[in-house]
Amino acid sequence: MGSNGAGKTTLVKHINGLIRPNNGRVILDGTDTKYMSVAEIARVVGLVWQNPDHQLFLDSIKKEVTFGLKNIGFSDADANDMCNRTLVRLGLEGFAERSPFSLSGGERKRVALASVLATEPRVLALDEPTIGQDAKQKKKLIELLKELNTRGCTVICITHDIEFVIENFPRTIAMADGKIIADGSTHSVLTNDVVLERCSLTEPELTIAARSLNKRFSQVSNRLTLLSELEDAITELLGGI
Amino acid sequence: MLLLNCLEGYNISFLEVFQYTRQESVIHQLDPRSKLALSITVAAITLLFLNIIPLLIIFLCMIPLLAAAKSLRRWATSMKGLSFLLVFIVIFNTLLSTVENPLSFSIALAIRLLALMSSFSIFFLTVHPDELSQALIQMKVKFEFAFAMSMAMRYVPTLAQEAYAIMDAQRARGVEMDKGNLLKRIRNIVPIIVPLIIVSIRRALSIAESMESRGFGASENRTYMEQLTFRKRDWAVLFVSVILLIVTIYLRFFTILPDWVLWGLPL
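Residues numbered from 1 in each chain as written. Chains lettered and ligands numbered in written order. Predicted model: local features only at pLDDT ≥ 70, side-chain atom pairs only at ≥ 80, totals over all residues.

Draft legend 1. Representation of the overall build of chain B. Within chain B one finds 11 helices and zero strands. Reading chain B from its N terminus to its C terminus gives the helix and strand order α-α-α-α-α-α-α-α-α-α-α. Each of the three principal axes of chain B carries a C-alpha extent, and together these read 65 × 55 × 30 Å. Going through the 267 residues of chain B one by one, you find that 28% of them count as buried. Nonlocal contacts in chain B, meaning residues at least 24 apart in sequence, comprise 80% of its contacts between residues at least 6 apart. (Helix = DSSP H or I, 4+ residues; strand = E, 2+ residues; numbered from the N terminus. Buried ≥ 20, exposed ≤ 12 C-beta atoms within 10 Å, placed from the backbone. Contact = placed C-beta atoms within 7 Å.)

Written out as structure tokens, the structure is:
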């Protein structure tokens, strides 16, 4: 997370070699990416961009998804298979023959996601995936990301949506002015006032609630972030278990 | 072909020479109309010749003008970006041309391109897009056209940025832009061009909508806050330009040019 222009996208572009570091190294699975081309890295790292219009160019969604697969060396049959699987997972199965340009913004965003997901990357980086998605799609997205994560995929997500992060991501890296200013558990990073201020984030709503409680009842921690934690604190105050 | 080169070398930097830069200079203060006359004159003279010496003279005359506009450095970097294209022009023309001394001819062509670019860069580097549209309006061009023109200029750098973003996006999907034979490279441009066109059309539509919602074209007769006025030095530039043009046309078509002007490499 970080304010506008903090360097989040720039950092992510380093992961897949679109930008090469002037100093330091980017190591992917023990290999320095200096020795890999972007196309080689693309087999391991999938990047979903903020603007889906920057990558969609074919006349059907199916072609769009298989395009990336063929690029990184899958056979036609495999690509077809993987494409169908991904479309089902993203709720796009009825859209396979539609043109990406006839879809709404949110749907196009999902097509772009599908085209990257289909390659089954080991590392998945998403730039602002929640923009333009309704609550239901957001929930679907997070379920998908969690499933990928349990299967061993590293999920990196750039976002300004603080509640989305708090509920779903265990680790947060905060950036400001091109530097990483905090890196740790989401819980501790996002309740730190200095971090919130420098990243121009508003405090999580439940932390605000916890802080007001804290003013009156000092035994309630002012750094709670989750609903369950707050519930526990309130039950305790009321003399429950 | 030009586009192909830009995309392959990821080098659109030479177009920067057509982008306005804010400076305080004698050239910047001139009326855009007199600068337009100057640029067109120089361009016209350039097109009258196809020999190394006269083209080189014109080209060298541009340098003090660019220096006066305090834009020499910017111009130099842009010309460096153009060098690849120039080498390309020289090699291909030398190999394919049917004229008598192909190398000499191609070098002349390359210098001609440099001189042409420089002459127009003097105009575009020093004329603010607003000034340009105002100048057009005062030259009796309809407001809508003048506005469209300045909009187009305004969106050149945006388009370039967009092209870079699209190239990044496609490379991340495994499109290898700098590999393969010529045919494959040309085919690799499709994933760049199609999104670029679509994004541009989408943006054009949304700009049109936002302009209409802000009342574009609501009143028939527009008035303008700033009017351009011709001063003495503008008349001087205009006068010199016209004289130069007439003299060169006379020399070129109605006199016999001396040998040193027609000199060329014996290749």
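Once you've had a look at it, read on.
Draft legend 2. View of the interface of chain B and chain A. Counting residues at the interface gives 18 residues for chain B and 18 residues for chain A. The set of elements that each furnish at least two residues to the side of chain B that touches chain A consists of helix 8 (143–172) and helix 10 (190–213) of chain B.

Draft legend 3. Layout of the nonpolar core. Residues Leu47 and Ala114 of chain A are the most contacted members of the largest nonpolar core, which totals 55 residues. With residues up to four places along the chain from it excluded, the contact list for Ala114 of chain A reads Val65, Thr86, Leu87, Leu90 and Leu92 of chain A. Membership of the second largest hydrophobic core comes to 35 residues, among which are Leu30, Leu38, Val42 and Ala69 of chain B. (Core = buried A, V, L, I, M, F, W, Y, C linked by C-beta atoms within 7 Å.)

Draft legend 4. Main features of the environment of Thr41 of chain B. Residue and element names in this part refer to chain B. With respect to the helices and strands, Thr41 occurs in helix 3 (residues 32–48). Accessibility expressed as a C-beta count within 10 Å gives 21 for Thr41, which makes it buried. C-alpha separation for the pair Thr41 and Leu244, spaced 203 residues apart in sequence, amounts to 7.7 Å. Each residue touching Thr41, except ones within four places of it in the same chain, is listed here: Ser241, Leu244 and Leu245.

Draft legend 5. Expanded view of the domain arrangement of chain B. For chain B, the assigned domains read domain 1 (14–127 + 230–267) and domain 2 (142–215). Measuring from the centre of the C-alpha atoms in domain 1 of chain B to the corresponding centre in domain 2 of chain B gives 29 Å. (Domains from an automatic or database assignment.)

Draft legend 6. Highlighting unusual backbone geometry. Residue and element names in this part refer to chain A. If you check the backbone angles, Asp29 has positive phi at about 50° while not being a glycine. By the secondary structure assignment, Asp29 is in the loop between strand 1 (27–28) and strand 2 (31–32). The phi angle at Ser200 is positive, at roughly 40°, despite the residue not being glycine. Positionally, Ser200 belongs in the loop between helix 9 (193–198) and helix 10 (205–216). Among the residues examined, Ser200 registers 13 C-beta atoms within 10 Å and is labelled partly exposed.

Draft legend 7. Up close: the sheet that holds strand 3 (residues 45–48) of chain A. All names here are of chain A. Here three strands make up an open sheet; going across it, the order is 3-4-5 and the pairing parallel. The strands lining the two open edges of the sheet, one partner per strand, are strand 3 and strand 5 (154–158). For this sheet, the mean inter-axis angle between neighbouring strands, taken without regard to orientation, is 15°. Sheet analysis places strand 3 next to strand 4 (residues 123–127), joined by four bridges and oriented parallel. Across the sheet, the residue bridging to Val45 is Val123, located in strand 4. Along the sheet, helix 1 (residues 8–15) makes contact with strand 3, strand 4 and strand 5, crossing strand 4 at roughly 155°. (Pairing = 2+ DSSP bridges. Axes fitted to C-alpha atoms, helices over the stretch in contact; angles between N-to-C directions.)

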